[in-house]
Amino acid sequence: MSRASGQRIERPRQRLRDLSRAMGRPAALTEGARQRLDLWAARLEPALHGLVRTRRQQLASRPMPAATLRQFTSAKRHLLDRTVTRLEGSRERQLERRKDRLAQLQERLDNSLRRVAAVTRRAIETQSERLSGLGARLENGGRRVIGQRREALIRLDRMRHTLGYEQTLKRGFAVVHGGGGVVTSATEAGKLAHFEIEFADGRIAAAPGKTRPDTGRKPRPGPAQGSLF
């Protein structure tokens, strides 16, 4: 691509050099015209001085009459007055056209401003209605979500009460506390100096005593005590 670009530039350049050699030097083409101009420039100044001198001699030999001078002056004054009047009229017309143009631009600007204001007002009203609808939906959705969360919380709290150990205590069970935690075996309880037993209605202090293994059999009833009477 670089070689092709270079060739595309070099070919017209070579063609231009060939044409320039065929045309000759630019100075040689303009040398004759320059010489003629210098010759006429040297003749122009004496010719102008001679023309002025001749016109002055003619005017001195044939002076202009006063009536002709007044007529010439009056004609020029009338021409100047007409020119001034025409210029003033043209200026007034230009001012009127500019006033009309400004009035048209002002009217177009007012119409554009009214259209923009109307479009903006409609857009604001539309967005306000949409915002009001979204606010109402958000409020209803918030109430619905809050109600659902409240019902779920009530169900969880009810489940907590149902599954909590406090309800188990009300059914006749007890919890043994000691050693910084819950005691879950008789061996562990026997190693403590004291512990607490929690019932449904409170706690009582207790101390370990003799333990007996649980054989899984109910204790036998002792002999019936006789009557003293």
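Residues numbered from 1 in each chain as written. Predicted model: local features only at pLDDT ≥ 70, side-chain atom pairs only at ≥ 80, totals over all residues. Heavy atoms only, no water.

Moving on to the overall build of the protein chain. When helices and strands are counted, the protein chain shows five helices and four strands. When its helices and strands are written in sequence order, the protein chain yields α-α-α-α-β-β-α-β-β. Residue burial in the protein chain is summarised as follows: out of 229 residues, 6% are buried. Here the protein chain displays about 21600 Å² of accessible surface, and carbon together with sulfur accounts for 58% of that area. (Helix = DSSP H or I, 4+ residues; strand = E, 2+ residues; numbered from the N terminus. Buried < 20%, exposed > 50% of the residue type's maximum accessible area, 1.4 Å probe, protein only. Areas by Shrake-Rupley, 256 points an atom, 1.4 Å probe, with all protein chains shown as cover.)

A separate point is the pattern of salt bridges. This structure, assessed with the given rule, holds five salt bridges. The partner of R13 in a salt bridge is E10, with the nearest N and O atoms 3.4 Å apart. With a gap of three residues between them, R13 and E10 both fall in helix 1 (residues 2–23), about one helical turn apart. By relative accessible area, R13 is classed as partly exposed at 43%. In this structure E10 comes out as partly exposed when scored by relative accessible area, which is 34%. Residue R203 pairs with E196 through a salt bridge whose shortest N-O separation is 3.1 Å. Each member of the salt-bridge network shares a partner with another, and the members are E196, E198 and R203. (Salt bridge = Lys/Arg side-chain N within 4 Å of Asp/Glu carboxyl O.)

This part covers the packing of aromatic side chains. Throughout the structure, instances matching the rule amount to zero aromatic pairs. Its end group placed over the ring of W40, R43 keeps NZ or CZ at 5.4 Å from the ring centre. (Phe/Tyr/Trp six-rings, centres within 6.5 Å; stacked < 30°, edge-to-face > 60°. Lys NZ or Arg CZ within 6 Å of the ring centre and 35° of its normal.)

Let's shift gears to the side chain of H177. Structurally, the position occupied by H177 is in strand 1 (residues 175–178). What makes H177 buried here is its relative accessible area of 15%. Reaching out from H177, the side chain makes a polar contact with the side chain of E198 at a distance of 2.6 Å. With residues near it in sequence (within four places) discarded, H177 still touches V182, V183, F195, E196, E198 and R203. (Polar contact = N/O pair within 3.5 Å; in protein donor to acceptor, adjacent residues only side chain to side chain. Contact = heavy atoms within 4.5 Å.)

Before going further, it helps to examine the confidence of the model for the protein chain. Summarising the model, the protein chain shows a mean pLDDT of 80, and 88% of its residues fall at 70 or more. Averaged pLDDT values over the elements of the protein chain bottom out at 76 in helix 4 (residues 165–170) and peak at 88 in strand 1. Here residues 222–229 is modelled with pLDDT under 50, and outside its nearest four sequence neighbours on either side it reaches zero contacts, counting other chains as well. (pLDDT = per-residue confidence, 0-100.)

In this section: the pairing of strand 4 (residues 202–206). Both strand 3 (residues 195–199) and strand 4 contribute to a ladder of five bridges, which runs antiparallel. Bridge pairing links F199 to G202 in strand 4. (Pairing = 2+ DSSP bridges.)

A word on the pairing of strand 3. In the sheet, strand 1 pairs with strand 3 via three bridges, with the strands oriented antiparallel. In the strand pairing of strand 3, V175 is matched with E198. In this antiparallel pair of consecutive strands, strand 3 and strand 4, the connection spans two residues.

The next point concerns the sheet that holds strand 4. Spatial strand order, 2-1-3-4: four strands in an open sheet with antiparallel pairing. Strands with a single pairing partner mark the edges of an open sheet, and in this sheet they are strand 2 (181–183) and strand 4. With strand direction ignored, the average angle separating the axes of adjacent strands in the sheet is 35°. (Axes fitted to C-alpha atoms, helices over the stretch in contact; angles between N-to-C directions.)

Residues L156, M159 and L163 make up a contiguous nonpolar surface patch of about 350 Å² in total accessible area. For M159, the position within the fold is in helix 3 (residues 66–163). (Patch = residues over 30% accessible without salt bridge, like charges linked within 9 Å, V, L, I, M, F, W, Y side chains within 5 Å.)

Attention shifts here to a negative patch on the surface. A grouping of E88, E92, E96 and D100 is seen on the molecular surface, where their side chains present a negatively charged patch. As for its placement among the helices and strands, E92 is situated in helix 3. (Lys, Arg positive; Asp, Glu negative; His and termini not counted. Charge placed at Lys NZ, Arg CZ, Asp CG, Glu CD.)

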